[in-house]
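# Structural overview
Listed below are the residues making up each chain.
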Amino acid sequence: MKRILVTGASGQVGSAVIAALRAIDGLVVRAGVRDVTTETAKWSGDPRVQPVGFDFLDPASQDAALADCDSLFLLRPPQLTSDVGDVIARARQHGVKHIVFLSVQGVERNWFVPHHHIERRLVSSGVPYTMLRPAYFMQNFTSTLHDELVRRHRIFLPAGNAQFTLVDVGDIARVAARVLTQSGTQHHGQAYTVTSGTPLNFAQMAAQLTTGLGTPITYVSPSPWRFYRTLRRDGREPGLILVMLLLHMLPRVTGTPPVTHTVADLTGRAPIEFAQFVAAHRAELLVAPTR
Ligand SMILES: NC(=O)c1ccc[n+]([C@@H]2O[C@H](COP(=O)([O-])OP(=O)(O)OC[C@H]3O[C@@H](n4cnc5c(N)ncnc54)[C@H](OP(=O)(O)O)[C@@H]3O)[C@@H](O)[C@H]2O)c1
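Residues numbered from 1 in each chain as written. Predicted model: local features only at pLDDT ≥ 70, side-chain atom pairs only at ≥ 80, totals over all residues. Heavy atoms only, no water.

## Considerations on the overall build of the protein chain
Definition in use: We count a stretch as a helix when DSSP gives it H or I for four or more residues in a row; a strand needs E for two or more, and each element gets its number in order from the N terminus. As defined in this context, the radius of gyration uses C-alpha atoms, and a globule is described by 2.2 Å times the residue total to the power 0.38. For every residue, the accessible area obtained with a 1.4 Å probe (protein chains only) is divided by the maximum for its type, and the residue is called buried under 20%, exposed over 50%, and partly exposed between those limits. The contact criterion used throughout is that any non-hydrogen atoms of two residues lie within 4.5 Å. Method for areas: the Shrake-Rupley scheme with a 1.4 Å probe, in which residue coverage is limited to the protein chains shown.
For the protein chain, the helix and strand inventory stands at 13 helices and 13 strands. Its C-alpha atoms give the protein chain a radius of gyration of 19 Å, near enough to 19 Å, the size a compact globule of 291 residues would have. Oriented by its inertia axes, the alpha-carbon framework of the protein chain measures out at about 50 × 40 × 40 Å. Looking at the protein chain as a whole, 49% of its 291 residues qualify as buried. In the protein chain, once contacts between residues fewer than 6 apart in sequence are set aside, the share between residues at least 24 apart is 74%. Surface summary for the protein chain: the accessible area is close to 13600 Å², and the carbon and sulfur share equals 54%.

So, in structure tokens, the structure goes:
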């Protein structure tokens, strides 16, 4: 049985990767979580998923989770301020044979993104690796952008008319599952940019949300200062606001990131487009999360 450790297993991508791996026979999936007690219930009754304690800030938990593992799905939690490089070194010590790293589209040109440095450490580690470089998550609308959508029925981002290349987290997970489980070494040393087929600007996304949700959604592109003030008033952390500013303003100058065929090539099905995402998540998009 092949053993795969998935980090960030309680998060958006990690939980989707576990769901995709559960559909494949002959695996033991270790779900790396910080809080085993509360997360275990999600997978109870499925003997193929073993929740294990895993904390990027606790080396002992990493050793226990990595012991006897064949492959590692590694991500960098947005909340983490430290590097994940020690985990790569530990994986090597434990004889992990393949690390699949969740990176960011365009990372190879952007040295200021932490993932750029993690990729470099991974390349020099000597452990066979595959980089997954996803585009802008459609699921940002059910996470970081959800509050504005539900409370004010708007998208409020300083992105102007810039077009964003998008991807559904489910497609990232299916690509990851394929790369983690396909026999052979064809994915070793590869970097795959993972996108849907149609870049959109936020006015177009607002129009598709309006149609799909049956309620008017507007797009407001504020000045950086107004964006900062508004999000601070809403209680968002300064660090997160600055990352959001950078992420949404940069494509105004760098242009639209390219579209790729990775999803179709590796999963055999067309990528999910934004209108399909809206239809599939309609209920979740309309309802305020419980705090
Ligand atoms: N959003 C985008 O558009 C986009 C696009 C491209 C790439 N990305 C990349 O995708 C990654 C984010 O993935 P995501 O959306 O799945 O994140 P997420 O939903 O915020 O999940 C983060 C996960 O990391 C875990 N975590 C946090 N701190 C930890 C620690 N100290 N030790 C162990 N686990 C810890 C969290 O566990 P708890 O439940 O315990 O907190 C959670 O499971 C980032 O690297 C981001 O740069 C994002």
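Let us keep going from here.
## As for the site of the ligand
Counted only if it meets this: One heavy atom suffices: a residue is near a molecule or strand as soon as one of its heavy atoms comes within 4 Å of it. For this analysis, a polar contact is any N or O atom pair within 3.5 Å, provided that within protein one partner can donate a hydrogen and the other can accept it, and provided that sequence-adjacent residues contribute only side-chain to side-chain pairs. Amino acid classes used here: Ala, Val, Leu, Ile, Met, Phe, Trp, Tyr, Cys and Pro are nonpolar; Asp, Glu, Lys and Arg are charged; the rest, including Gly, are polar.
In the neighbourhood of the ligand, 23 residues make up the surrounding shell, with Ser10, Val13, Arg34, Phe56 and Arg76 lying closest. For the ligand, an oxygen atom lies 2.9 Å from a polar atom in the backbone of phenylalanine 137. Counting residues per element, the ones that place at least two in the shell around the ligand are helix 1 (12-22) and strand 7 (136-137). Its residues assigned to classes, the shell around the ligand comprises 12 nonpolar, 8 polar and 3 charged.

## Some remarks on the domain arrangement of the protein chain
Spelled out, the test is: Each domain's limits were defined by an automated method or a database of domain assignments.
As assigned here, the protein chain comprises domain 1 (2-134) and domain 2 (141-164 + 198-257 + 272-286). Computed over C-alpha atoms only, the centres of domain 1 and domain 2 are separated by 28 Å.

## Quick word on the side chain of histidine 116
Structurally, the position occupied by histidine 116 is in helix 5 (residues 114-125). A relative accessible area of 13% places histidine 116 in the buried class. Apart from residues lying up to four places away in sequence, histidine 116 is in contact with Val107, Glu108, Asn110 and Trp111.

## Overview of the side chain of threonine 193
Along the chain, threonine 193 falls in strand 11 (residues 190-194). Take threonine 193: its relative accessible area is 17%, and that puts it in the buried class. Among all residues touching threonine 193, those that are not within four sequence positions of it are Gln105, Arg133, Thr260 and Thr262.

## Considering the sheet that holds strand 6 (residues 129-134)
For clarity, the cut-off: Any two strands with at least two DSSP bridges between them are considered paired. For helices, the fitted axis covers only the stretch in contact; all axes are lines through C-alpha atoms, and the angles between them, taken along N-to-C directions, range from 0 to 180 degrees.
Within the open sheet, the 7 strands sit side by side as 3-2-1-4-5-6-11. Their pairing is parallel. Edge positions in the sheet fall to strand 3 (49-53) and strand 11, since each has one partner strand and no second. The average undirected angle you get between the axes of adjacent strands in this sheet is 20 degrees. Pairing of strand 4 (residues 71-74) with strand 5 (residues 98-102) involves 4 bridges; the strand directions are parallel. Residue pairing in the sheet places leucine 72 in a bridge with isoleucine 99 of strand 5. Strands in contact with helix 4 (residues 85-93) are strand 4 and strand 5; relative to strand 4, the strand with the most contacts, it is inclined by about 175 degrees.

## Quick word on the packing of aromatic side chains
To be explicit about the condition: Between 30 and 60 degrees the pair is tilted, below 30 it is stacked and above 60 it is edge-to-face, where a pair is any two Phe, Tyr or Trp rings, Trp via its six-membered ring, whose centres lie within 6.5 Å.
With the rule as written, the count across this model stands at 11 aromatic pairs. An aromatic cluster is present here, built from Tyr136, Phe141, Phe164, Phe202, Tyr219, Phe274 and Phe277 joined pairwise through their rings.

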